Amino acid sequence: MKSKLSASLATWQPEKPYTLPSRRPQFQWGKFPENPAIPTVPPHDPQPDLKGGTSINDLVAEWERDGYAEDFVKLRVEDSQEIAAERGRDTLRSLRLKAGLSQVQLAKLVGTQQSAIARWEKGSDTNNLARSSMRSLARALSVDMTMLDAALND
Amino acid sequence: MIFLLWFVGINFQPGYHGLIFTMQPVVLRLIGHRMWCSDHGVERTIVILAIPNVPPSRERNGFFGRIKGLVRRVETRYIMGVIDVPFAVAIRPRAIGDLLTIRVKDRPAAVAIAHWLQRLVEDQEVVERLSGPESEYDEISVAQYQELQNLGLNVWLLKLKDNKGWLPYRILYARDEISSVIHVLGVVARPPFKYDLSDPMTKECIHEIEALGIPRHLAT
């Protein structure tokens, strides 16, 4: 006859072995901590507090949905002609406007943030532009890579 | 020297453009944990992304836990990246109403105003143009709303030009330099609107700015 103790001993399973908690990333001189919970670059555009106001990008997007898209496209194309005439060549901004796109729309097509498009149009960060981004840009703007390269090197 | 530079938060990080500031907690305490910003040339740069690397406070229980917590608090770092923070344009409800009214009466003008306000966000160089006391360019004319500026309220008036000439509307906006937002308070038709404190729109502007909490400047 088995006692209760022997029965419990028979079914006894060792507890889950105690493992030390993973070491918290420590500060390293000259290095950011490699902690995925702490992004070293901002994960998204810093959005200022509009205090209940509507962003102009949202307002224009709403109007475009309401049937005013053509009006905006017309104004953008006019702007693109002005910019191209002023510079004597196409720039990234003029190409975008010629395509009738806002920065937000282009950013969605390229898969990036509006601020990135703004920086590229300004001429910053274009040297480090990834090839995939270049391809997406060229596809969104319906231009070839040579033309895009010339526009980016403005 | 390296320690001093590190302590005041100046670090040269490979792979980053410009400086990376890693503010020490003491410094952050001194500045009240508010965003630390500076102007680097024309570009408006601001240090963002303050993320504490402190574990939950439950780990600070007990005597040793408290000591560990203290040590970790000293270790607390705020990672910051120097990036451009562009001005945002916020349209107040009153201004949206104004634009919708104009859209019914004068569709091209309303679209031109909305398009131009979007250009502000897309091209920050245009924002720079809006800061002159009396600026007139090809397509815009900016002026301070003197009656409100005298009260210390940073309200400006903007008029735009389209293909046919100057639009008969004035865009009233307030600049919030601290949070980098341009608040469009209203779009008014010029003939009925008076540059006067008795004007109902002006009164509404004052209430709106007070509600927004935009600090007044020292009126000259």
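Everything numeric here is computed off the predicted structure, so don't read it as measured data.

Parameters and conventions
By convention here, each chain's residues receive numbers from 1 onward along its written sequence. In the order they appear in the text, chains get letters beginning with A and ligands get numbers beginning with 1. Per-residue local features are limited, in this predicted model, to residues with pLDDT of at least 70; the limit for side-chain atom pairs, both in listing and counting, is 80 or more; totals at the level of whole chains, interfaces and linings are taken over all residues. By definition, any uninterrupted DSSP run of H or I lasting at least four residues is a helix, any uninterrupted run of E lasting at least two residues is a strand, and each is numbered from the N terminus. Between the buried cut of 20 or more and the exposed cut of 12 or fewer other C-beta atoms within 10 Å of a residue's own C-beta lies the partly exposed class, and all C-beta atoms are placed from the backbone. Think of it this way: build a C-beta for each residue from its backbone, and any pair within 7 Å is a contact. Throughout, the arc means the angular range of directions from the helix axis out to the C-beta atoms. pLDDT is a residue-level measure of predictor confidence that goes from 0 to 100. Connectivity within a nonpolar core runs through C-beta atoms within 7 Å, and the core itself is a set of buried Ala, Val, Leu, Ile, Met, Phe, Trp, Tyr and Cys residues. Two strands qualify as a pair provided DSSP detects at least 2 bridges between them. Structural elements are reduced to axes, namely lines fitted to C-alpha atoms, with helices fitted over the stretch in contact, and the angle between N-to-C directions of any two is expressed from 0 to 180 degrees. Each angle is binned into one of four classes, with values under 35 degrees roughly parallel, values over 145 roughly antiparallel, values of 65 to 115 roughly perpendicular, and all other values oblique. We call Asp, Glu, Lys and Arg charged. Ala, Val, Leu, Ile, Met, Phe, Trp, Tyr, Cys and Pro are nonpolar, and the rest, Gly among them, are polar.

Enquirer: What's the story with the overall build of chain A in this structure? I'm lost.
Expert: From N to C terminus, chain A includes seven helices and one strand. Written out in order from the N terminus, the α and β elements of chain A read α-β-α-α-α-α-α-α. Across the 154 residues that make up chain A, the buried fraction comes to 20%. Considering only intrachain contacts with a sequence separation of at least 6, the fraction spanning at least 24 residues in chain A is 44%.

Enquirer: Teacher, can you tell me more about helix H4 (residues 103-110) of chain A here?
Expert: Structural remark: α-helix, 3.6 residues per turn; residues separated by three or four positions point the same way. Buried within H4(A) we find A:Gln103, A:Leu106 and A:Val110. An end-on view of H4(A) places all buried positions within 65° of arc, on one side of the element. Contacts made by the buried residues of H4(A) are with helix H3 (92-98), helix H5 (114-122) and helix H6 (131-141) of chain A together with helix H5 (107-122) of chain B. Following H4(A) by one or two positions, A:Gly111 adopts a phi angle in the positive range, close to 85°.

Enquirer: Explain the confidence of the model for chain B to me, please; I cannot follow it from the model alone.
Expert: Low pLDDT marks stretches whose predicted atomic positions should not be read closely. Residues and elements named next belong to chain B. For chain B, per-residue confidence averages 71 on the pLDDT scale, and 57% of positions sit at 70 or higher. Element-level pLDDT for chain B is lowest in strand E3 (residues 37-40), with a mean of 34, against a maximum mean of 95 in helix H4 (residues 93-105). Taken as a whole, residues 31-58 scores under 50 in pLDDT and shows 47 contacts with residues more than four places along the chain or in a different chain. We note a pTM of 0.67 for the whole complex and an ipTM of 0.72 for its interfaces.

Enquirer: Mind showing me how you'd approach the confidence of the model for chain A here?
Expert: Residues and elements named next belong to chain A. In this model, chain A carries a mean pLDDT of 80, and residues with pLDDT of at least 70 account for 75%. In the model of chain A, helix H1 (residues 4-10) stands out as the element of lowest mean pLDDT, 74, in contrast to H3, which has the highest, 95. A low-confidence stretch, residues 31-36 stays under pLDDT 50, and its non-local contacts, those more than four residues away or across chains, total eight contacts. Note that residues 38-43 has pLDDT below 50 and, in this model, eleven contacts with residues that lie over four places away or in other chains.

Enquirer: Looking at this structure, how should I read the nonpolar core?
Expert: Soluble globular proteins tend to bury their nonpolar side chains together. Among the nonpolar cores identified, the biggest contains 47 residues, and B:Val89, B:Ile113, B:Ala114, B:Tyr173 and B:Val184 are the most heavily contacted of them. Counting residues per element, this core draws most heavily on H5(B), at ten residues. Excluding residues within four positions of it along the chain, B:Val184 makes contact with B:Val89, B:Ala90, B:Ile91, B:Arg92, B:Ala95, B:Leu117, B:Ile171 and B:Tyr173. Counting residues in hydrophobic clusters, the runner-up holds twelve residues, among them A:Val110, A:Ile117, A:Leu141 and A:Ala151.

Enquirer: In this structure, what is going on with unusual backbone geometry? I would like to understand it.
Expert: Trans peptide bonds make up most of the peptide bonds, and negative phi angles are found at most residues other than glycine. All names here are of chain A. Positive phi outside glycine occurs at Lys51, with the angle close to 50°. Along the polypeptide, Lys51 turns up in the loop between H1 and strand E1 (54-55). The residue Ser142 is not glycine, and still its phi comes out positive at about 55°. As for its position among the elements, Ser142 is in the loop between H6 and helix H7 (145-152). Judged by local crowding, Ser142 falls into the exposed class, with 10 C-beta atoms found within 10 Å.

Enquirer: Which parts of the structure should I look at to understand the environment of A:Lys108?
Expert: By secondary structure assignment, the location of A:Lys108 is in helix H4. For the pair A:Lys108 and A:Ala140, spaced 32 residues apart in the sequence, the C-alpha separation amounts to 9.7 Å.

Enquirer: Looking at this model, I keep getting lost on the pairing of strand E9 (residues 155-162) of chain B. Mind explaining?
Expert: All names here are of chain B. Two elements, strand E8 (residues 140-144) and E9, share five bridges in a ladder whose sense is antiparallel. Residue pairing for E9: Ser141 is matched across the bridge by Lys159. Here four bridges tie E9 to strand E11 (residues 169-176), and the two strands are oriented antiparallel to one another. Bridge assignment links Leu158 to a residue of E11, and that residue is Ile171. In this structure, E9 lies alongside strand E10 (residues 165-166), joined through two bridges in antiparallel fashion. Residue pairing for E10: Lys161 is matched across the bridge by Trp166.

Enquirer: Help me understand the packing of H4(A) against H5(A), please; the structure alone is not making it clear to me.
Expert: For any two helices packed against each other, one specifies the inter-axial angle together with the distance between the axes. All names here are of chain A. Between H4 and H5, the least distance of the axes is 8 Å, while the angle of their chain directions is 105°. Judged by the inter-axis angle, H4 sits roughly perpendicular to H5. Note on element contacts: H5 touches H4 through Gln114, Ala116, Ile117 and Ala118, opposite Gln103, Val104, Leu106 and Ala107. Taken together, the residues that form the contact of H4 with H5 break down as six nonpolar, two polar and no charged.

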